[in-house]
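Single-letter residue listing:
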Amino acid sequence: MVASSFSSGRFWVRLRLAICSFAVIYLIAPLIVVLIISFSSAPFLTFPPPGFSMQWYNNLFTNPAWFNSLVTSIKILIPTSILATVLGTAAAYGLARSSFVGKQLVMGLLLSPMIVPVIIIAIGIFGVFRALGLYGNLLGLIIAHTILAIPYVVMTVSGSLAVIDKRLEDAALTLGASPLRCFRRITFPLIFPAVLSGMLFSMVVSFDELIVSMFISTPVVRPVTVQMWSNIRGSVDPTIAAIATLLFCFSLLALLSERAAARKVKKEVDE
Amino acid sequence: MNLVAKNPMNKNAWLIVPAIVVILCFFIYPVSWLLIDSFARPKWGIQNYEVVLGRFVYLKVLLNTFTISAGTTFWCAVIGYPVAYTMAHCSKRTRRLLIFVVLIPFWTSLLVRTFAWMVLLQKTGLINQTLLTLGVIAEPIALIYNRIGVYIGMVQVLLPFLIFPLYSVMLRIDRNYSFAAATLGAPPVRNFFRIYLPLTLPGLVSGGTLVFVSSLGYYITPALLGGPADLMIAQLIERQISTSGNWGMAGALAVLLLVVTAICLGVVHRIIGVKTAWGR
Amino acid sequence: MNKVPNVISKDGKQEMSTANSILELVGVRKVYGSAVAVEGVDLTLHNGEFLTFLGPSGSGKTTTLAMIAGLQMPTAGKILLNGQAVDPLPPYKRNIGMVFQNYALFPHMTVAGNIGFPLEMRGVDAAERKRRIAKTLELIGLPNMGDRYPHQLSGGQQQRVALGRAIVFEPPLLLMDEPLGALDKKLRVQMQLEITRLHRELGISILYVTHDQEEALVMSDRIAVFNDGKIEQLGTAKDLYERPSTAFVAGFLGESNFFHGTVSGLSDGRCFMETPYGQLGAFNNAALQVGDEATLAVRPERLFLYRGRDKKQENCVSGTLTDLIYLGQSRKCVLRTANGDEVVALQHAQQVEEASMIIGEEVCVTWNCADANALSHRTASN
C-alpha cells in the first residue's frame, strides 16, 4: 500500500521530467537544424545535409541581393537602437521620478506598440506613411522600428529604476549635485546594464522585424527579413540559415555582454 | 518620501514628452486612421462590420483564430507547467540551463525558426524520416501546411511567455503549504491538485492570457506552416490590403481584433486582481 | 500550573517503558552533506505529555521535529510511533498534527476549508465534517468565523485556526514549531495559556519547539535543551533550572555566575574546588572527582550580598559594586572582582530596604553549597 503510493509519486515525477526533456529538445531543435543547414553543401534544404561547406556564408557576402539587404538592415538597426534607447530611457526616467495625474495612462501609451497586434500597426503605418513620403525609404523604416522598440527600452529601464535605491539620488542632491550631474554620476551608472539591454533588445527587434517592413519597403530598400520572406516563399536556399546563425551568435554575444555589465555594476554596488 | 520638493521633481516629467510625441504621431495617429477607415470607407456606415460578422467566410476565419489561439494556449500550458515547476524546484545549475534554453526562442529570429520547422516537418523532413526508419509509420504523415504545423510552430514561439510568469509565481510559493497539507493527510497527487495548482493559478492565467492574446494577432507562423483552412485574422487583414486594397474591411477586422484583445486583457486583469486578493 | 503528574520522572532520565510512550527516538541523526544538523537524539515522549524542545536557532530542534513529521528523512536512527517504526511512512500516513511557524494556512481556502481539509483527506462525509468543523471552531474560540479567509484574520486568530486544523482529526500527537514566534508579547502569553488548556482538555501529547525559555518553563511537563544537534539535558523545568548538568544549560536557561577551578575535596554530595577566590563549594552535579577541572554555576538570586570584605565565611567572593539596576520587584547588583570577573546578584525588594549600598563600595557575595552546581569543565568550555 505504502509502496504503491510512493510509486505513483514516482510516476508523476517521471512524466514531468519526460515533458521537460521533450520541451528542451523542442525549444532548441530549430536552432540546431539551422546551425547545421548553414554549413550544408546541398543547394536546397536537405536534412541531414550531405556534406560540409561554407558556400552559404560566402553567398551572403557575394550575392548582391543578400548583401544589400543585410546592409540595409544594419543601416536601419543602428539609428533605430540609438533613437529608441534615448527616447525610451528619458521617458522611463521621467516617469519614475515624477508624479502627476494620469501616469498609468502615459505608461500604457508608451507600452502600447507592444500590445497592439503588429499587423494592425503595419497597415496603419502603411496607410499614413505613404502620404507622408515615408514609404520605401530608410527614414520611414527607422521611425517604424523605433516605435516598435521603445516599449522594450521603457520596460527594462523602468524595471531597473524601480529597484535602485532612491535615497542614493536624494543623498547626491543634498550633497550639492545638480540634477543633471546626479543623473550622470549616480543614476546612469546604476541603470546602465538595463539601458544596454534595452538597446540590445531594440537592435534585435529591428533586425528581426518583418511585418511592418514588408508593407513599407520596396525592392530597392529592402531589409534582410523581407528578403528572407520572399526567399522562403519562393525557392528556399540555405543562405537564410547562414544569416540566422550569424544573428544568433550576435544575440548570444549581446546577451553575454549585458550580463557582464550587470555583474560589474552589482559587484560595485555590493562593495 | 523623497527629500526633494515636488516642484523641481516634476521637471522630470518633460523627459517623457519626446517619446510620447513620437508614439502619438507615428503609432496612435496611423492606427486611429485605420480604425476610422472601418466606418468611413468606402462610405460612412457600419457596412464593413455587417460583412465581417455576417458572412460565413469571415466568421470561419474568426473561429479559426479563436480555436488556434485556444489550442496554442492549451498546449503551452501542458508543456510549460511542468517546465516552470522543474525550473522553480531544481538545483541552481539546472535552473540556469533551463532558463537559457527557454530564452533561446527570444534570441532566434522568428522567421528563421519557422523556416527551421519547415525543414523539419516536411514530407522528406527529419521527423518523417525518423518515424519511417523506426517503422512507426508506413508512409510520411502531413505535419506541415495544416493545423498540426501551426500548433508546432506557435507553441514553440509562445512557450516562454507562459513559462516565465508561471515560474515567478512558483518561486514565491512557500514550501510549507505542501508540507502542511502532507501532515494533514494529503497524498502527493491530491496535495498538488488541492494546494499547489490553485496557488499557482494566477501565474498560469496571466501566462495563458499573454499566449492567447499574442496568438490572436499572429501572422508569420500560420502563414508559413498552416494550410488554406488555417487562415487567421491577421492574414485576412493583410490580404484585404495587399490583394484588394479594401481599407474599410481591414479596419473593421483590426477593430475586432483589438476589441477582443482588450476584453481578454481586461477580464483577466480583473480575475487575477480577485485571485491574488487572498494571497496578500 | 497544573501539570500531568503521572509521567514525570524526577531525575530527568527517560523511562524506556514503551507501554505508556507515544513516541520514541533512537539514535536519530540528520546530516546534510558534511554538516551535521542532528547528532544522535534519543528521546521518549509519554502519553499525554507536553515536551518542549528548547534551544538556540540552528541547534537541530526544528529538524528533529520535521523528521518526526516525516518531512525529512533521518540519516540514521529510528523513530517509533506507538511502538511502530514510522520511518517508511510518508508524512500523509503518519496521522500526526503539526502547527507550522508561519501557520501555513492555505490562502485560497476559508477557515472552514482549512480546518475541514484533513477530514476531507480522510474521507469524512460532508455532514460529519461540518459538525466537527463547528466543534473545533468552538474549541479554538472562533465560532462564526468559518467563512473568512486567512488574510482577513489577525495573527492570533490565524494561530488558532492553524491549531484547530492540526487537532480536528484527533491525532494522538501534536507537533508545534515555534507557533507563537510571530505574535506580540501579550498575545503570546494568552496563547500559551490557551494551548496548555487545550492540552489538558484533549489529553493529546504535544512536542513543542521554541527558543523562548520563559515559554518553555510556563508550558512544559518536561524540557529537552538542544545545543549543536544534541540534547544537552532532558528534565522538568525545576530540574533544569535548579540542577543544570552542563554550563550551557545553566547559561541558556536563566542567568548564572560561573567560577572555574580544580576539585580539591568531596564530602556528602558536595564538592569543593580551589579557585582564584579561595575554596568554593557546590552540589556535585556531574560526579566530579578530586583533581578534575570544574566550573561552578550559581544563580544571581541565590547569592547573599554583604557590605565590606567578610573573609571568614565560606563561599565568599568579594569585589567592588559597579552597577545597581532597579527592576521593580527586585534589584540587580553587579560587582567586579579583583580578577576582573563580573558577578551578578539579585536582591528582592524586601532585602533592598534593609541594605542600602552605594556604587564603588566594597561588597562580597556568598551562597549555600546546595544552591550552587559544580559542573564538568569540559562542557563548560564548549
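Residues numbered from 1 in each chain as written. Chains lettered and ligands numbered in written order. Predicted model: local features only at pLDDT ≥ 70, side-chain atom pairs only at ≥ 80, totals over all residues. Heavy atoms only, no water.

Topic: the overall build of chain A
Part 1 of the reasoning: If you tally the helices and strands in chain A, you get eleven helices and zero strands.
Part 2 of the reasoning: Across chain A, helices and strands are ordered from the amino to the carboxyl terminus as α-α-α-α-α-α-α-α-α-α-α.
Part 3 of the reasoning: A compact globule built from 271 residues should have a C-alpha radius of gyration of about 18 Å, whereas chain A, at 24 Å, is more than 25% larger.
Part 4 of the reasoning: Projected onto its principal axes, the C-alpha coordinates of chain A cover approximately 75 × 70 × 35 Å. (Helix = DSSP H or I, 4+ residues; strand = E, 2+ residues; numbered from the N terminus. Rg over C-alpha atoms; globule rule 2.2 N^0.38 Å.)

Re the overall build of chain B
Part 1 of the reasoning: When its secondary structure is counted, chain B shows 13 helices and zero strands.
Part 2 of the reasoning: Secondary structure of chain B in N-to-C order comes out as α-α-α-α-α-α-α-α-α-α-α-α-α.
Part 3 of the reasoning: Seen through its principal axes, chain B has C-alpha atoms that stretch 75 × 70 × 35 Å.
Part 4 of the reasoning: Per-residue burial for chain B yields a buried fraction of 53% across its 280 residues.
Part 5 of the reasoning: Accessible area of chain B: about 12,800 Å², with a carbon and sulfur share of 70%. (Buried < 20%, exposed > 50% of the residue type's maximum accessible area, 1.4 Å probe, protein only. Areas by Shrake-Rupley, 256 points an atom, 1.4 Å probe, with all protein chains shown as cover.)

Some remarks on the layout of surface pockets
Part 1 of the reasoning: Of the voids in this model, the second largest pocket is the one considered here, and its volume is about 1,500 Å³.
Part 2 of the reasoning: Lining the second largest pocket are 37 residues, with Val13 and Arg16 of chain A together with Tyr85, Pro188 and Phe192 of chain B positioned closest to its centre.
Part 3 of the reasoning: A total of nine residues in the lining of the second largest pocket trace back to one element, the largest contributor, which is helix H1 (residues 2-38) of chain A.
Part 4 of the reasoning: The residue makeup of the lining of the second largest pocket, split by class, is 26 nonpolar, seven polar and four charged. (1 Å grid on protein atoms, 1.4 Å probe; cavity = no way out; pocket = protein on both sides within 12 Å on 5 of 7 lines; lining within 4 Å. Points joined across faces, edges and corners; volume = space filled by probe spheres on them. Nonpolar A, V, L, I, M, F, W, Y, C, P; charged D, E, K, R; others polar.)

Thoughts on the sheet that holds strand E13 (residues 278-284) of chain C
Backbone-to-backbone hydrogen bonds pair the strands of a sheet. The strands run either parallel or antiparallel.
Residues and elements named next belong to chain C.
Part 1 of the reasoning: The strand order around the closed barrel formed by five strands is E11-E12-E13-E20-E14, and the pairing between neighbours is mixed. Within this sheet the neighbouring strands show an average axis-to-axis angle of 55°, counted without direction.
Part 2 of the reasoning: Judged from the six bridges that link them, strand E12 (residues 270-275) and E13 form a sheet pairing that is antiparallel. Looking at the pairing, Arg270 lines up with Phe283 of E13. (Pairing = 2+ DSSP bridges. Axes fitted to C-alpha atoms, helices over the stretch in contact; angles between N-to-C directions.)

A look at the pairing of strand E8 (residues 205-210) of chain C
Residues and elements named next belong to chain C.
Part 1 of the reasoning: Summarising burial for E8: six of the six residues are buried, a large majority.
Part 2 of the reasoning: Side chains Ser205, Leu207 and Val209 project from E8 onto one buried face, and the interleaved Ile206, Tyr208 and Thr210 project onto a second face that is buried too.
Part 3 of the reasoning: Sheet topology places strand E3 (residues 50-54) next to E8; five bridges connect them, and they run parallel. Its bridge partner lying in E8, Thr52 is registered against Tyr208.
Part 4 of the reasoning: When strand E7 (residues 173-177) meets E8, the two strands line up parallel, connected through five bridges. From the neighbouring strand, Leu173 faces E8, where its bridge partner is Ser205.

Here we look at the packing of aromatic side chains
Part 1 of the reasoning: If you walk through the whole model with that rule in mind, you get 30 aromatic pairs over all chains.
Part 2 of the reasoning: Ring centres 5.1 Å apart and planes at 65° place the aromatic pair Phe106 of chain C and Phe117 of chain C in the edge-to-face group. Remark: Phe117 of chain C occurs in helix H2 (residues 111-121) and Phe106 of chain C occurs in the loop between strand E6 (97-99) and H2; sequence separation between them is eleven residues.
Part 3 of the reasoning: An aromatic cluster of at least three residues, connected via ring pairs, comprises Tyr81, Tyr85, Phe192, Phe193 and Tyr196 of chain B.
Part 4 of the reasoning: Across the ring face of Phe126 of chain A, the terminal group of Arg130 of chain A is positioned such that the distance to the ring centre comes to 4.5 Å.
Part 5 of the reasoning: Here Arg299 of chain C stacks its cationic end above the ring of Tyr241 of chain C, 3.9 Å away from the centre of that ring. (Phe/Tyr/Trp six-rings, centres within 6.5 Å; stacked < 30°, edge-to-face > 60°. Lys NZ or Arg CZ within 6 Å of the ring centre and 35° of its normal.)

Here we look at the confidence of the model for chain B
Residues and elements named next belong to chain B.
Part 1 of the reasoning: A residue-level look at chain B finds 94% of positions with pLDDT of 70 or above and a mean pLDDT of 87.
Part 2 of the reasoning: When mean pLDDT is compared element by element in chain B, helix H4 (residues 56-88) scores highest at 94, while helix H1 (residues 6-9) scores lowest at 54.
Part 3 of the reasoning: Here residues 1-6 scores under 50 on pLDDT; set against residues more than four positions off or in separate chains, the count is eight contacts.
Part 4 of the reasoning: The complex model carries a pTM of 0.83, and its ipTM stands at 0.87. (pLDDT = per-residue confidence, 0-100. Contact = heavy atoms within 4.5 Å.)

Thoughts on a nonpolar patch on the surface
Residues and elements named next belong to chain B.
Part 1 of the reasoning: Taken together, the side chains of Tyr29, Trp33, Ile36, Phe39, Trp44 and Ile46 make up a nonpolar region of the molecular surface, amounting to roughly 660 Å² of accessible area.
Part 2 of the reasoning: Structurally, the position occupied by Ile46 is in the loop between helix H2 (17-40) and helix H3 (47-54).
Part 3 of the reasoning: You can call Ile46 partly exposed: its relative accessible area is 48%. (Patch = residues over 30% accessible without salt bridge, like charges linked within 9 Å, V, L, I, M, F, W, Y side chains within 5 Å. Salt bridge = Lys/Arg side-chain N within 4 Å of Asp/Glu carboxyl O.)

Looking at the domain arrangement of chain A
Residue and element names in this part refer to chain A.
Part 1 of the reasoning: In terms of domain boundaries, chain A breaks down into domain 1 (2-37) and domain 2 (63-270).
Part 2 of the reasoning: Contact with domain 1, which involves four residues of that partner, is made by five residues of domain 2.
Part 3 of the reasoning: Buried area between domain 1 and domain 2, summed over both chains or domains, comes out near 380 Å², and the portion from carbon and sulfur atoms is 86%.
Part 4 of the reasoning: The tally of links between domain 1 and domain 2 comes to zero salt bridges.
Part 5 of the reasoning: One can count zero residue pairs in polar contact (both at pLDDT 80 or more) joining domain 1 with domain 2.
Part 6 of the reasoning: Across the side of domain 1 that touches domain 2, the residue classes break down as four nonpolar, no polar and no charged. (Domains from an automatic or database assignment. Buried area = accessible area lost by both parts, 1.4 Å probe. Polar contact = N/O pair within 3.5 Å; in protein donor to acceptor, adjacent residues only side chain to side chain.)

Looking at the interface of chain B and chain A
Interface size, as often reported, equals the accessible area lost upon joining of the parts.
Part 1 of the reasoning: Across the boundary between the two partners, chain B contributes 73 residues, which contact 76 residues of chain A.
Part 2 of the reasoning: For the pair chain B and chain A, the summed buried surface comes to about 6,800 Å²; carbon and sulfur atoms form 84% of the total.
Part 3 of the reasoning: Three residues stand out in chain B for area buried against chain A, namely Phe26, Trp107 and Phe115 of chain B, and they jointly supply 12% of the buried area on that side.
Part 4 of the reasoning: Viewed at the interface, chain A and chain B are joined by zero salt bridges.
Part 5 of the reasoning: For the pair chain B and chain A, the interface holds seven residue pairs in polar contact (both at pLDDT 80 or more).
Part 6 of the reasoning: When the residues that make up the side of chain B that touches chain A are grouped by side-chain class, the tally is 59 nonpolar, eleven polar and three charged.

Focus on the nonpolar core
Part 1 of the reasoning: Judged by nonpolar contacts, the single largest core of 224 residues is most densely connected at Leu110, Ile119 and Phe215 of chain A together with Leu23 of chain C.
Part 2 of the reasoning: Sequence-distant contacts of Leu23 of chain C, defined by excluding residues within four places in its chain, comprise Leu43, Thr44, Leu45, Ile68, Ile79, Leu80, Leu81, Leu173 and Leu207 of chain C.
Part 3 of the reasoning: Counting 25 residues, the second largest nonpolar core, distinct from the first, contains Met273, Tyr277, Leu288 and Val365 of chain C. (Core = buried A, V, L, I, M, F, W, Y, C linked by side-chain atoms within 4.5 Å.)

Examining helix H5 (residues 92-107) of chain B
Part 1 of the reasoning: Between its first and last C-alpha atoms H5 of chain B spans 22 Å; for 16 residues at 1.5 Å apiece the expected length is 22 Å, and the two agree.
Part 2 of the reasoning: Inspection of H5 of chain B places Leu98, Val101, Val102, Leu103, Ile104, Pro105 and Trp107 of chain B among the buried residues, and these make up the whole buried set. (Expected span 1.5 Å × (residues − 1).)

What to know about the packing of helix H6 (residues 110-121) of chain B against helix H8 (residues 147-171) of chain B
Residue and element names in this part refer to chain B.
Part 1 of the reasoning: Two elements in contact, H6 and H8, have axes whose closest approach is 11 Å; the angle formed by their N-to-C orientations is 140°. When the interaxial angle is binned, H6 and H8 end up oblique. Handedness of the H6/H8 crossing: right-handed. Contact residues: H6 offers Leu110, Arg113, Trp117 and Leu121, while H8 offers Gly149, Ile152, Gly153, Gln156 and Val157.
Part 2 of the reasoning: Broken down by class, the residue content of the contact of H6 with H8 amounts to five nonpolar, three polar and one charged. (Parallel < 35°, antiparallel > 145°, perpendicular 65-115°, else oblique. Left-handed = near helix turned anticlockwise from the far one by under 90°.)

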